[in-house]
Amino acid sequence: MSTSKHGSLLTLDARTKKRNAAEKRFRAYGLGAIVIAVAALAMLLISIIANGASSFRQTYISFPVTISAEEIEAAESSLLKTGAYNKIIQTGLLAYLTERDLLQDTPEADAFGMISGEAGSTFRQFILANPDAAGTTFQLDLLANGRIDGYYKGRVTAETAALDKNVTPAQLELADRLAADGALVKQFNWDFFTNPDASDQRPEAAGLGVAILGSLYMMAVVLCLALPIGVAASIYLEEFARKNWITDVIEVNIANLAAVPSIVYGILGLAIFINFAEFNQSSPLVGGLVLTLMTLPTIIISTRASLKSIPPSIRDAALGVGASKMQSVFHHVLPLASPGILTGTIIGLAQALGETAPLLLIGMVAFVKEYPAAYTADAGLFGEASTALPVQVFNWTQRSDPAFVERASGAIITLLIFLLIMNALAIFLRKKFERRW
Amino acid sequence: MTDYKISAKGVQVYYGDNHAIKDVDVQIEDKTVTAFIGPSGCGKSTFLRTLNRMNDTIDICRVVGDIRIDGEDIYDPAVDPVQLRAKVGMVFQKPNPFPKSIYDNVAYGPKIHGLARNKADLDEIVEKSLRKAALWNEAKDRLDAPGTGLSGGQQQRLCIARAIATAPEVLLMDEPCSALDPIATAQVEELIDELRQSYSVVIVTHSMQQAARVSQRTAFFHLGNLVEYGETDKIFTNPEDPRTESYISGRIG
Ligand SMILES: Nc1ncnc2c1ncn2[C@@H]1O[C@H](COP(=O)(O)OP(=O)(O)OP(=O)(O)O)[C@@H](O)[C@H]1O
Ligand SMILES: [Mg+2]
């Protein structure tokens, strides 16, 4: 039937068979690679979420407290104000426990120990914010001690409590009775995002507030400096500079700078911004400047790549109708390149957001309890001490209390969510402004 | 000074060490169509681009010699190439509309040169230019549509409209019909004939027929040399140089 010199089309010849087999193998390799990558990512995410998801819920003890105007006055005039407020809380707790007959034979000190050391100051803030509360009885939600919180998150059991000097089995039993009575509640942990860091003894009160604020300040500095400098440098190199050995040297150096380990930028920042320019140590300004140096090469490289991708015919067209070089760049090339520039910038920012090493060197590891102000007359713009998200993660992983491991994982999840939002924004902007020609 | 619109003397162009144009003398008259023909790589585009200094954008390109438009040396340091290019418009080989609306494509030149005092002026310039480029009927209902969404031939006519919107005195066209079908080509050729009333047109073409149809004068380039330049009729019927003869009869190319 088939007598043509190519043979029948219905049977595969040896060459085609071999080629198809090779193609199949290659597809399998590719698929395998993707499966491995996805599995690694999934494992990472699962372990972080398993460790950290619980940090978004926190155990509170809820009971009524009464405070009179005289008590407030006495507390405010005492030396240890939060201590005085603690006394009032303890009185309230004891009254509640006896009324509901929950205390049974638990020592009173154990019952008081179940409330976080942070409660006194929380209570005081509440009273100062609501002066009308004086003389009334109101329901108060107070942080439970980290160990009690850990008991409800599976970190602490009766066996470990027996060996732990920070918690007793009796406290756990009381906690169970409180829970049965509805006085022990788990709530969404807004404080985790707004509270500053807390001391080693109070993991339950530690939050990311200062770190998030510090990171935001630094991102503002990076965005305001790296974007204009990077774009201006790229436009000059790509559109105006004559191509000669000097531009070649600059090009090689920029590529090199992008690959320099980030800690080197920290050393540089320490030498230049802190020792020489004498900016404040641990300040978001210095952190932002260091991260700017680090991000610049990324932004320059991606901006140049997007400028390069604009067809030269567009430039010719503009010059051909008598536009100046600058008009051709700003009217035509830059608008077309802007989605790429934005994407590069956001990816650069995301990189900077997750950077830890250089910030450690410039002293952003300090324990900071005060929210840094964006501007003060003393410290200047972004001059007050602060921490940053990744540094806070590092910091918490260094602490011994396992409650901080949970916090660190929670902080990583928060950081990942920020990064996810930024990358999604990059993709969104690129899709929205992408133009075809 | 002279009756010539453009007069080039002793022009040499180098791309690095590559001597692309060798000692070319050409005088181009006003209100005529001049065709540049020659085999690929002989330097037609290169020479055309010296006339509006588009070669300035190529770092390695060096131009030597004397090129005058209306008697003024366009390579004089006092000349701003931007001003020159408003006077000497250009249509490129490959259609290159801006990725903007049809209207904005045409209006861009007049806008940056301040040729329109108000929106009505600008509208008029856009309509006139599009009409001249034989695109008005197809484009009038979709002036806001992107210029890049037009067909190749329509895009090229849009580029022509864009070039004439700045009211140049000389129009350089580098193979403007290479992407067009015969009908669009005929339209462009008709347009070129019309443009001759007001402009001096220089057109690079690979089509002998086109050169013969639209031009009054023809220059034949070969390996960077201007071999022969004269009346189109004479070049095509009675060339002096044997190289010209063999090229137009299809023996070199
Ligand atoms: N940008 C450039 N850089 C270096 N050399 C160039 C450049 N443009 C053109 N040349 C060289 O100059 C010579 C003339 O090129 P040109 O483009 O002027 O030829 P052409 O006559 O227009 O050819 P075609 O008909 O194929 O368009 C060629 O040898 C080419 O290699
Ligand atoms: Mg050419």
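Residues numbered from 1 in each chain as written. Chains lettered and ligands numbered in written order. Predicted model: local features only at pLDDT ≥ 70, side-chain atom pairs only at ≥ 80, totals over all residues. Heavy atoms only, no water.

Q: When you look at the site of ligand 1 in this model, what are you seeing that I'm missing?
A: Residues and elements named next belong to chain B. By nearness alone, 14 residues border ligand 1, and S40, K44, S45, T46 and H206 come closest of all. K44 places a side-chain nitrogen or oxygen 2.7 Å from an oxygen atom of ligand 1. Contact between ligand 1 and E175: an oxygen atom at 3.5 Å from a side-chain N or O atom of the residue. Taken by itself ligand 1 offers 620 Å² of open surface, and the protein chains cover 65% of this. Breaking the shell around ligand 1 down by element, the ones donating at least two residues are β2 (18-29) and α1 (44-50). In terms of residues, the shell around ligand 1 owes the most to one element, α1, which gives 3 residues. (Near = heavy atom within 4 Å. Polar contact = N/O pair within 3.5 Å; in protein donor to acceptor, adjacent residues only side chain to side chain. Areas by Shrake-Rupley, 256 points an atom, 1.4 Å probe, with all protein chains shown as cover. Helix = DSSP H or I, 4+ residues; strand = E, 2+ residues; numbered from the N terminus.)

Q: What is the right way to read the sheet that holds strand β5 (residues 72-73) of chain B from this model?
A: Either a parallel or an antiparallel arrangement is found when strands of a sheet pair, and the pairing is made through backbone hydrogen bonds. Taken together, the 4 strands give an open sheet; going across it, the order is β2-β1-β4-β5 (chain B), and neighbouring strands pair in antiparallel fashion. The open sheet is flanked by β2 and β5 of chain B, the only strands paired with a single partner. (Pairing = 2+ DSSP bridges.)

Q: Would you explain the pattern of salt bridges in this entry?
A: Where side chains of opposite charge bring their charged atoms close, a pairing between them can arise. As enumerated under the stated definition, the model contains 32 salt bridges over all chains in all. One salt bridge in this structure joins R155 of chain A and E406 of chain A, with 3.5 Å as the shortest N-O distance. With a gap of 251 residues between them, R155 of chain A in the loop between α6 (146-152) and α7 (158-163) and E406 of chain A in helix α18 (residues 402-433) connect regions that are remote in the sequence. When the shortest N-O distance is used, the salt bridge between D193 of chain B and R196 of chain B registers 3.6 Å. Beyond isolated ion pairs, a larger network of salt bridges with shared partners links D149, K153, R155 and E406 of chain A. (Salt bridge = Lys/Arg side-chain N within 4 Å of Asp/Glu carboxyl O.)

Q: It is not clear to me how the domain arrangement of chain A should be interpreted in this structure. Could you clarify?
A: Much of the literature gives interface size as the accessible area that the parts lose upon coming together. Residue and element names in this part refer to chain A. In terms of domains, chain A is made up of domain 1 (54-189) and domain 2 (209-433). A C-alpha centroid distance of 44 Å is found between domain 1 and domain 2. Facing the 10 residues of domain 1 at the interface are 9 residues of domain 2. Summing both partners gives a buried area of about 660 Å² for domain 1 against domain 2, and 44% of it is carried by carbon and sulfur. When the shortest N-O distance is used, the salt bridge between K369 and E118 registers 3.5 Å. Scanning the region where domain 1 abuts domain 2 turns up 5 residue pairs in polar contact (both at pLDDT 80 or more). Here the side of domain 1 that touches domain 2 is composed, by residue class, of 1 nonpolar, 4 polar and 5 charged. (Domains from an automatic or database assignment. Contact = heavy atoms within 4.5 Å. Buried area = accessible area lost by both parts, 1.4 Å probe. Nonpolar A, V, L, I, M, F, W, Y, C, P; charged D, E, K, R; others polar.)

Q: Whenever I open this one, the layout of surface pockets confuses me. Can you help?
A: Taking a probe equal in size to a water molecule and rolling it over the atoms shows the remaining empty space. Approximately 650 Å³ is the volume attributed to the largest pocket. Taken together, 26 residues form the lining of the largest pocket, with E239, R315 and K325 of chain A together with T57 and I58 of chain B sitting closest to its centre. Listed by contribution, the elements that provide at least two residues to the lining of the largest pocket are α10 (209-240), α13 (284-308), α14 (312-320) and α15 (325-353) of chain A together with α2 (81-87) of chain B. Among the elements that line the lining of the largest pocket, the one with the most residues is α14 of chain A, at 4 residues. (1 Å grid on protein atoms, 1.4 Å probe; cavity = no way out; pocket = protein on both sides within 12 Å on 5 of 7 lines; lining within 4 Å. Points joined across faces, edges and corners; volume = space filled by probe spheres on them.)

Q: Could you clarify how one ought to interpret the nonpolar core in this entry?
A: Side chains of nonpolar character tend, in soluble globular proteins, to be buried together. Residues and elements named next belong to chain A. Counting 50 residues, the largest nonpolar core has L208, M218, M219, L291, L359, I362 and W396 as its most contacted members. For this core, the secondary-structure elements that each account for two or more residues are α10, α12 (262-276), α13, α15, α17 (389-397) and α18. A per-element tally of this core places α18 first, with 9 residues. A domain split of this core shows at least three residues from each of domain 1 (54-189) and domain 2 (209-433). (Core = buried A, V, L, I, M, F, W, Y, C linked by side-chain atoms within 4.5 Å. Buried < 20%, exposed > 50% of the residue type's maximum accessible area, 1.4 Å probe, protein only.)

Q: Even after reading the chapter, I still don't get the interface of chain A and chain B, so can you show me in this structure?
A: At the junction of the two partners, chain A supplies 21 residues and chain B supplies 23 residues. Approximately 1800 Å² of surface area, both sides summed, lies buried where chain A meets chain B, with 59% of it carried by carbon and sulfur atoms. Our count for the chain A to chain B interface comes out at 0 salt bridges. Where chain A meets chain B, there are 7 residue pairs in polar contact (both at pLDDT 80 or more). Listed by contribution, the elements that provide at least two residues to the side of chain A that touches chain B are α14 and α15 of chain A. The leading source of residues in the side of chain A that touches chain B is α14 of chain A, at 7 residues.

Q: Sorry, what's going on with unusual backbone geometry here?
A: Trans is the common state for peptide bonds, and a negative phi is the common state for residues other than glycine. All names here are of chain A. Although it is not a glycine, D101 adopts a positive phi angle of roughly 55°. Positionally, D101 belongs in the loop between α3 (81-99) and α4 (108-113). The phi torsion at E278 lies on the positive side, around 60°, for a residue other than glycine. Within the secondary structure, E278 sits in the loop between α12 and α13.

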